[in-house]
Amino acid sequence: MAKVAFLGLGVMGYPMAGHLKSKGAHDVTVYNRTAAKAEKWVAQFGGRHAATPREAAEGQDFVMACVGNDNDLREVTLGANGAFAGMAKGAVFVDHTTASAEIARELHAQAKTKGFDCIDAPVSGGQAGAENGVLTVMCGGDAGPYGRAEKVIAAYARMCKLIGGPGAGQLTKMVNQICIAGLVEGLAEGIHFAKKAGLDVEAVIQTISKGAAQSWQMENRYKTMNEGKFDFGFAVDWMRKDMSICLGEARRNGASLPVTALVDQFYAEVQKMGGWRWDTSSLIARLEK
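Bear in mind the structure is a predicted one, so any value in this text is a computation, not a measurement.

A. Structural view of the overall build of the protein chain. When helices and strands are counted, the protein chain shows 13 helices and nine strands. Counting only contacts in the protein chain whose residues sit at least 6 apart along the sequence, the fraction spanning at least 24 positions is 68%. In the form shown here, the protein chain has an accessible surface area of approximately 12,900 Å², with 54% of it arising from carbon and sulfur atoms. Of the charged side chains in the protein chain, 32 are positive and 30 negative; the average position of the first set lies 2 Å away from that of the second.

In structure tokens:
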């Protein structure tokens, strides 16, 4: 059992923190910008909640965070009431936010000057993965603190791996999102084509999903895409945030991402249709409008 703080109780953080308490049997303190959410979590799982990230982090072995973006991350870490002002020497900060590699390196350097460690550890698996405790966690940082943190992360992960130094976790998450963008667009176009060709979509997918076209997206999203239902996961607004990070990093490192840039614009069209909170499979909606 470890003493753990969890900062950010959104659709991902709420169940992740719950697994730390119920499955991991850790001593958990939570912080959320909206206090009512933290109070609800404590009523459901036990533990306690803190008024500020700094208060939540004080005396903890590990501090986990899962917030929205780089700015949110700076707010909960580096401000006067941020977690870094309260963390003890030897503790480990684990950031599950999908953010830039730049801030991952910045936080790692700041942590080192204060005598504790930092791991960037973005996740994949969506809300369902968080609720079921089967997330994939891709990590960047130093091997020693990662080894300690991995045992705690295990409460909500089925796969956790150290990829490289600071920022490597965030860069790997970018690869993940780049791959997903192309897959979802391909599936959307395939289903759309099958409909226009007068084929039985169910029969088509049952057949091709047993061959080289198979993917997680095909197995889990084709039915709802075919039915025009898009309330099953990661929102378009968040995907565009992630793709912006990918494209920004590509401009820095010289990578060519033509498909990713195109799909980002397709998601912009979905937003204009009112689909800000639709899940990422809603790419098919722009083909059928």
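Don't stop here, the text continues.
B. View of the nonpolar core. Counting 33 residues, the largest nonpolar core has Phe-6, Met-64, Val-137, Ile-153 and Tyr-156 as its most contacted members. Apart from residues lying up to four places away in sequence, Tyr-156 is in contact with Phe-6, Met-16, His-19, Leu-20, Met-64, His-96, Gly-133, Val-134 and Leu-135. Val-184, Ala-194, Met-243 and Val-270 belong to the second largest nonpolar core, which has 23 residues in total.

C. Main features of the environment of Gln-206. By the element assignment, Gln-206 lies in helix H9 (residues 201-208). Accessibility expressed as a relative area gives 45% for Gln-206, which makes it partly exposed. Distance in space between the C-alpha atoms of Gln-206 and Arg-286 is 24 Å, their sequence separation being 80 residues.

D. Spatial organisation of the pattern of salt bridges. Summed over the entire model, instances satisfying the criterion amount to 14 salt bridges. In this structure, Lys-195 engages Glu-288 in a salt bridge whose closest nitrogen and oxygen atoms are separated by 3.3 Å. On the criterion of sequence distance, the pair formed by Lys-195 in helix H8 (residues 168-196) and Glu-288 in the segment after helix H13 (283-287) is long-range, its members being 93 residues apart. By sharing partners, the salt bridges in this structure join Arg-33, Asp-72 and Glu-75 into a single network.

What counts and how
- Residues numbered from 1 in each chain as written.
- Predicted model: local features only at pLDDT ≥ 70, side-chain atom pairs only at ≥ 80, totals over all residues.
- Heavy atoms only, no water.
- Helix = DSSP H or I, 4+ residues; strand = E, 2+ residues; numbered from the N terminus.
- Contact = heavy atoms within 4.5 Å.
- Areas by Shrake-Rupley, 256 points an atom, 1.4 Å probe, with all protein chains shown as cover.
- Lys, Arg positive; Asp, Glu negative; His and termini not counted.
- Charge placed at Lys NZ, Arg CZ, Asp CG, Glu CD.
- Core = buried A, V, L, I, M, F, W, Y, C linked by side-chain atoms within 4.5 Å.
- Buried < 20%, exposed > 50% of the residue type's maximum accessible area, 1.4 Å probe, protein only.
- Salt bridge = Lys/Arg side-chain N within 4 Å of Asp/Glu carboxyl O.

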